[in-house]
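For reference, the chains in residue letters:
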Amino acid sequence: MLRQRAGSAATTLWATMRPTRNRSTGYLAIGAVGALIATSVAVGVGAAGSIPRLADIGAWLGSSGSGEAAHANGLTGDVDGKVKLPGMNGHSVTIAQDGRTVLVLDRKTGKVVRIDPSQLTAEQSTNYGTSGLQLVSGGTYAYVVDAAKGTVQRIDPALTTPTGDKVQLGPGLGTAAVDSQGTLWVPQPAKGTVVPFVNGAKSAEVKVAAPDHDLVLTLAQGRPVVTDRTDAVTKVLTVAGTQQTFNLQGGINDSAPVKILVPATTDSPMVPILASDSGALALVDVTSGQSINAKVPIQGHALGAPQVLGKKVYIPDGTTGSLLVYDTATSAFQDSVNVTKKPGNLELFVRNGLLWVNDQNNSSAAVINAGGDVHTIGKYTDKVPTARKKNDKPVEDNVPSSRPTHQAQQPTRPGKGQGGNTRPPTHAPATTPPPTQAPPTTPTKNCAINWEAGCPEPQTPGTPQAQSGDGSITLTFQPASGLTPKRYLLKGVGSGQTATPSEVGPNGPFTFQVDGGACGTEFSYTVVAEYAGGAASKESKSSAPVRPCVAPGAPQSLKISNNGGGHGAKVSWKAPSGASGVTYKVTWPGGSQSTQSTSQSVTGLENSKQYDVSVSTSNAAGSGAATSGTIDLTPPDVTMNITHNDDDPDPLAIRTDPSTKTGTRAGTFKANYQGPVTVHCRTTGSSEYHPYDKVTSDVWGKISSGSGNGYVADIYLDSRFNSAVWECQ
């Protein structure tokens, strides 16, 4: 029987995962599940006291109804292990499985337990004694965050016990996350900041918004991204600050903040954002700055935060227990994925390149691969290894113990008031003959040339999907079904814009590119299908409004050239690639200036100092990271000769101050010396008179020489006439 089961599993695997052109993926998948089958043969599936090796490509899913966590194989959807969560029957849980250990938080009691996958047990635990906690982990770090009290507690992932003291950040924290490096990111909406914890220690707050803004954190391919739902802005963060900003569009910027839904993590740089009140959907690529914008039907749906896998967007529908599926490659919705077929809260996350869908209050879950293949998961099945002993009673969960199956709908039998007797009548009752119906009209002409009654009804093209680009907008759409149009036209092209091609033929490709238009203006378009033979044209719904630009990156090749004589510099740079309509802001201590050129003069600075200067970019689509440099106004050294010191029998004094009234002598030049000295800069001091040249000046040169370092009256140097010598300040 065991061999038969293993052979059946192998047959099923080959049918679903047989090598295609991407042979390496298929063979790897077969090898992974082959190892699982071999393990089952070795220990026996469900054998008491036998713990198999769980699939590497898998995930843990919580079940509040049974108080268990089930581990499912991502390639088959089969449950290959279950763990009883002590004291958690009927409780909602959080499972942190992104680190090196698997931790479970009881959201009701605050108890944290560690799952031992090798023993299928959850015995190591610590009770943190309050509800509403957050459990987050990554790398070698794990934390318990109390959002209400505003505390962050680092914990030992292996022992589940606290490590060090709690860190107080203030009440009202947002949902935290730990990136792959172990850095914890905690939003502080009250302050408009996000606090990173690097290597377990609190670092400087990163300012991201005005105080009391609604902040939501997402880890996009491991990068921290915060969405300011109040201002409809998404920002990429680093410990040093904001790296890039994207202004949301497509109608999301017109939605109520609480209706803007963002996932906690994504497996790609694409962050999906959904406005549940308007159906506006945006996919923001935090690497390129481009965004794809579409519209989602919202009537009758209680939608949750979307998730992205490959080219598809999956949106949980809590009303039906299913997923809406939008394919960005075809610009159209596909058939929904039924997960539980019941109202509930669907939780979505991507792990190991697979999308996992779970409702903790339902027996069914699902795993979806990048190709869109769906495997249903029966979490409550008992035919899996567990750590229960023989005498333990099974969990009474009152739910099916196997994967739900589709049953054919049974015909409805009439009950009382519906005829009662279900036997067929012995004779046909007298009835009135049905009226004679006219046969369907058959068109007499070619519908593609002359439309008439009986021809297929003209249909509407799909709502165009809009993708922003640098100076352009790309629109893709689904062709009209049924009767084939003779052409498609784009409607809504604004002044100064051109559409390519001017029309799309009946066989596609179903794409328009619109070039031009102001970056600060949002444009919306429709596609019109024109039919031959006099049939009425059909116009699609409007696309989401988007801008013909992307958020700029940082300026390139920053160059700083000091002004002659100092006191400022010319700052120049190269424009970032892939952005238009860019405004640059040059900032330095005590001042800033905005410009649309690629250079800016900075003046009014003191010499002998250094100034940090930065250049940032922005346009209507967002802003980029600043490029920084230093204006170094240290005066350059100039070699000059002592002059006007001939026929003078007295030595020439070098003073510690630029004055004969303060300070002391720092050295002397012998009488009649007119050799070289190094002049650092010039300044003002006491006024001195040269008796032979009859010249008076209050300028002094700051010099260094073999005879001493200090100041020399400029009547013996003439540095005031040398433009290469800067003022000292």
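Residues numbered from 1 in each chain as written. Predicted model: local features only at pLDDT ≥ 70, side-chain atom pairs only at ≥ 80, totals over all residues. Heavy atoms only, no water.

(A) View of the sheet that holds strand β28 (residues 322–327). In spatial order, the strands read β26-β27-β28-β29; together these 4 strands make up an open sheet with antiparallel pairing. With partners counted over all chains shown, the strands left at the sheet margins are β26 (307–309) and β29 (332–338), one partner each. For this sheet the average axis-to-axis angle between neighbouring strands, irrespective of direction, equals 30°. Inspection of the sheet shows strand β27 (residues 312–317) paired to β28 by 6 bridges, in the antiparallel sense. Bridge pairing in β28 places Tyr314 opposite Val325. (Pairing = 2+ DSSP bridges. Helix = DSSP H or I, 4+ residues; strand = E, 2+ residues; numbered from the N terminus. Axes fitted to C-alpha atoms, helices over the stretch in contact; angles between N-to-C directions.)

(B) Seen up close, the sheet that holds strand β9 (residues 141–146). If you walk across this open sheet you meet the 4 strands as β8-β9-β10-β11, and the pairing is antiparallel. With one partner strand each, in any of the chains shown, β8 (133–138) and β11 (167–168) form the two edges of the open sheet. Pairing analysis gives 5 bridges linking β9 to strand β10 (residues 151–155), with the strands arranged antiparallel. Note on β10: the bridge partner recorded for Ala142 is Ile155.

(C) Focus on the side chain of Asn358. Position of Asn358 relative to the elements: it lies in strand β31 (residues 354–358). For Asn358, a relative accessible area of 2% translates into the label buried. Among the polar contacts made by the side chain of Asn358, one reaches the main-chain carbonyl oxygen of Gly62 at a distance of 3.0 Å. Discounting chain neighbours no more than four positions away, the residues touching Asn358 are Leu61, Gly62, Asn345, Leu346, Glu347, Ser364, Ala365 and Lys379. (Buried < 20%, exposed > 50% of the residue type's maximum accessible area, 1.4 Å probe, protein only. Polar contact = N/O pair within 3.5 Å; in protein donor to acceptor, adjacent residues only side chain to side chain. Contact = heavy atoms within 4.5 Å.)

(D) Expanded view of the pairing of β29. Note: β28 against β29, 5 bridges, orientation antiparallel. Bridging from a neighbouring strand, Ser322 pairs with Asn338 of β29. Linking β28 back to β29 in an antiparallel pair, the connection comprises 4 residues, with Ser331 at a positive phi of about 60°.

(E) Focus on the confidence of the model for the chain. For the chain, mean pLDDT is 86; residues scoring 70 or higher make up 84% of the total. Every residue in residues 1–51 is under pLDDT 50, and counting partners more than four places away or in other chains gives 41 contacts. The model gives residues 390–433 a pLDDT under 50, and that stretch makes 25 contacts with residues more than four places away or in other chains. (pLDDT = per-residue confidence, 0-100.)

(F) Layout of unusual backbone geometry. In this structure, Pro501 follows Thr500 across a cis peptide bond, with omega equal to -5°. Looking at where Pro501 falls in the secondary structure, it is placed in the loop between β37 (498–500) and β38 (511–515). Look at the link from Gly508 to Pro509: it is a cis peptide, with omega at 0°. Summarising the element assignment, Pro509 is placed in the loop between β37 and β38. Although it is not a glycine, Leu120 sits at a positive phi angle of roughly 55°. Tracing the backbone through its elements, the reader meets Leu120 in the loop between β6 (111–116) and β7 (121–127). Located in the positive-phi region is Asp212, a residue other than glycine, with phi close to 65°. Note on placement: Asp212 falls in the loop between β16 (206–207) and β17 (215–220). Exposure remark for Asp212: the relative accessible area of 62% places this residue in the exposed category.

(G) The nonpolar core, seen in detail. Of all hydrophobic cores here, the largest spans 21 residues; its most connected members are Phe246, Leu248, Ile252, Val262, Val271, Ile273 and Val286. Elements with a contribution of two residues or more to this core: β17, β23 (270–275) and β24 (280–285). Beyond its immediate stretch of four places on either side in the chain, Leu248 contacts Thr227, Ala232, Val233, Thr234, Asn253, Ile273, Val284 and Arg547. Core analysis: the second largest hydrophobic core is formed by 20 residues, Ile473, Leu483, Leu490 and Val504 among them. (Core = buried A, V, L, I, M, F, W, Y, C linked by side-chain atoms within 4.5 Å.)

(H) Structural detail: the state of the cysteines. Enumeration according to the criterion identifies 2 disulfides in this entry. Two residues share a disulfide in this structure: Cys519 and Cys549, whose sulfurs sit 2.1 Å from each other. Taking the torsion about the S-S bond as the criterion, the Cys519 to Cys549 disulfide, at about 70°, is right-handed. Of this pair, Cys519 sits in the loop between β38 and β39 (526–530) while Cys549 sits in the loop between β40 (538–539) and β41 (556–562), placing them 30 residues apart in sequence. On the basis of relative accessible area, Cys519 is assigned to the buried category, the value being 11%. Disulfide pairing places Cys681 opposite Cys728 at an S-S distance of 2.0 Å. The disulfide joining Cys681 to Cys728 has a torsion of about 90° about its S-S bond and is therefore right-handed. With Cys681 in strand β52 (residues 676–690) and Cys728 in the segment after β54 (708–713), this residue pair connects regions lying 47 residues apart in the sequence. The pair formed by Cys681 and Cys728 is uniform in burial state, with each residue classed as buried. (Disulfide = S-S within 2.5 Å.)

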